[in-house]
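Descriptive structure summary
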Amino acid sequence: MMDIALYSLVDDMVSKAGTEGVVEYWLRVGESYAERMGKEAYVGWPAFNVAMKEGRTSLTIEGEVNVLTDLAITDKDGDVIGYVYALKTCPMAPTMIRFIQKIGPIPDSDEDVADSYNNRIRDSAVSNYCITHQRFREVAANNITVAKQPLECLHLANKGRMGEVKMLQENLARINVDDRHIKSILRSASCVFALIVKGKSAGEEIAE
Amino acid sequence: MAETIASNPFVDVSVFLFFEDISDKQGVEGFTNYIVGQAKSLAKSVPEEEYDTWEDFTNAVVNGESVLSSFENIKQISSNGFVTNVCPFSKAIREYIKRLGNFNPVHMEATDHYNHTIQPSAAHSACMMHQTYRNEVAKRIKIGGKPLQYAQIAAKAYTGKIALPPESWKKVLLEKAGISETQGFMEMRENSCLYVLYIQD
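Predicted model, so just to flag it, every value in this text is computed and none were measured.

1. Structural notes on the packing of aromatic side chains
- Taken as a whole and judged by the stated rule, the model has 23 aromatic pairs over all chains.
- Between W45 of chain A and Y83 of chain A the ring centres are 5.5 Å apart and the planes differ by 65 degrees, which places this aromatic pair in the edge-to-face class. Residue W45 of chain A is located in helix α2 (residues 45–53), and its partner Y83 of chain A is located in strand β3 (residues 80–87); the two are separated by 38 residues in the primary sequence. The same class applies to W45 of chain A as to Y83 of chain A, namely buried.
- The residue whose ring lies beneath R134 of chain B is Y195 of chain B, and the NZ or CZ to ring-centre distance is 4.0 Å.

2. Quick look at the nonpolar core
- In this structure, F48, Y85 and L195 of chain A together with F19 and F57 of chain B are the most contacted members of the largest nonpolar core, which totals 110 residues.
- Element by element, the count of residues in this core is highest for helix α1 (residues 2–37) of chain A, at 17 residues.
- Sequence-distant contacts of Y85 of chain A, defined by excluding residues within four places in its chain, comprise W45, F48, N49, M52, V65, N66, V67, L68, C191, V192, F193 and L195 of chain A.

3. Points about the interface of chain A and chain B
- Between chain A and chain B, the residue contacts involve 35 residues of the former and 44 residues of the latter.
- Across the chain A/chain B interface, buried area totals approximately 3800 Å², and carbon plus sulfur atoms make up 69% of it.
- Here chain A is connected to chain B by 2 salt bridges.
- R36 of chain A is the salt-bridge partner of E20 of chain B, the closest N and O atoms lying 3.1 Å from each other.
- Where chain A meets chain B, there are 11 residue pairs in polar contact (both at pLDDT 80 or more).

4. Structural notes on the packing of α1 of chain A against helix α4 (residues 108–120) of chain A
Residue and element names in this part refer to chain A.
- It is the contact of α1 with α4, at a shortest axis distance of 9 Å, that shows an interaxial angle of 15 degrees. In terms of orientation, α1 lies roughly parallel with respect to α4. Handedness of the α1/α4 crossing: right-handed. Between α1 and α4, the residues in contact are Y7, V10, D11, V14, T19, E20, V22, V23, E24 and L27 and S109, D110, D112, V113, S116, Y117 and R120, respectively.
- Among the residues making up the contact of α1 with α4, the classes are represented as 8 nonpolar, 3 polar and 6 charged.

Conventions we followed
Residues numbered from 1 in each chain as written. Chains lettered and ligands numbered in written order. Predicted model: local features only at pLDDT ≥ 70, side-chain atom pairs only at ≥ 80, totals over all residues. Heavy atoms only, no water. Phe/Tyr/Trp six-rings, centres within 6.5 Å; stacked < 30°, edge-to-face > 60°. Helix = DSSP H or I, 4+ residues; strand = E, 2+ residues; numbered from the N terminus. Buried < 20%, exposed > 50% of the residue type's maximum accessible area, 1.4 Å probe, protein only. Lys NZ or Arg CZ within 6 Å of the ring centre and 35° of its normal. Core = buried A, V, L, I, M, F, W, Y, C linked by side-chain atoms within 4.5 Å. Contact = heavy atoms within 4.5 Å. Buried area = accessible area lost by both parts, 1.4 Å probe. Salt bridge = Lys/Arg side-chain N within 4 Å of Asp/Glu carboxyl O. Polar contact = N/O pair within 3.5 Å; in protein donor to acceptor, adjacent residues only side chain to side chain. Axes fitted to C-alpha atoms, helices over the stretch in contact; angles between N-to-C directions. Parallel < 35°, antiparallel > 145°, perpendicular 65-115°, else oblique. Left-handed = near helix turned anticlockwise from the far one by under 90°. Nonpolar A, V, L, I, M, F, W, Y, C, P; charged D, E, K, R; others polar.

Below, the structure written as structure tokens:
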């Protein structure tokens with residue numbers, strides 16, 4: 001029932017704090033959620049990927065993740081700097097289904113808040129919940145080290161309830177992965193992201 | 001029956017955190033107002049119901065066909081006494097503790113605020129949402145043309161603490177439910193919530 005309440009809460013919040021206010025609340029919730037999960041350290045990528053597969057990391061509390069080890073990201077020297085991961089089911093999917101079944105159509109405020117985020121911050125939300133979810137991942141990744149190097153989460157693409165797709169070209173370019181490949185992964189996933197060593201890219205290193 | 005599709009606990013926990021963020025900005029009063037306000041909005045979104053007889057209504061409730069039982073499995077224990085075995089928020093509360101540790105004290109502060117300013121019936125902040133939802137949904141149900149009435153008797157928190165109304169109210173509510181105090185305590189050993197549903201004569 002807690003999750004169902006989210007839609008009426010957002011509806012209420014939009015009328016009092018506006019869509020921009022709700023976006024700010026969601027961003028802070030994502031940050032505090034990730035910060036309260038604590039720090040994690042792994043000796044290397046194999047250990048980290050096994051933990052991801054087994055759902056033992058703070059990142060996998062959102063649901064089952066496909067670890068795409070065939071999509072290793074390498075830097076200009078050929079060293080592995082990260083991998084691509086696909087979240088099988090959006091955490092909001094069961095709530096959406098139950099809300100529609102028990103209450104009725106999803107309120108317009110859901111899309112209004114997502115649009116506010118897409119227009120002002122980053123064009124990557126297909127529902128209002130994506131705001132907190134994507135922020136959570138980004139902050140949680142910073143609290144994980146692999147071989148003593150902190151991680152960075154690059155959101156790549158996600159798919160909405162009605163099949164709409166959001167894709168971040170700048171992040172795809174940074175890891176040098178073709179968008180058609182990501183689209184094919186989205187056929188059986190709701191969200192695709194990359195975890196790489198902070199500050200690295202498939203080409204040149206990013207200056208801090 | 002209720003809860004046919006399980007929610008993702010990731011979402012449940014983030015809603016608790018949303019309320020904590022509200023309390024950072026607007027205090028315990030803001031927390032309480034939002035949780036009560038959104039429960040009212042949610043209840044107003046559900047379809048209205050009408051039943052010819054009390055038996056038709058109770059059958060729908062215990063079979064999970066009424067909006068009152070959309071999120072919980074309700075059992076009838078007497079003519080007007082009803083219980084919920086498993087609190088629909090228990091999974092979210094368990095996941096919060098498992099993932100983040102102790103509950104932020106603001107939840108108990110908001111619960112105390114609710115108990116002092118609205119009614120002394122909540123054992124946890126989630127009860128404020130749940131009881132407001134039940135109260136508002138009851139107004140949308142008519143039995144033989146009369147609106148359904150709801151009153152909370154007891155609610156058990158995850159700590160085991162039971163929230164009870166003042167003695168004078170308790171006596172009236174138990175009588176209305178058609179159970180004794182001892183029966184009420186026996187029910188609270190097995191269940192998370194005890195309440196009375198009735199129509200005004």
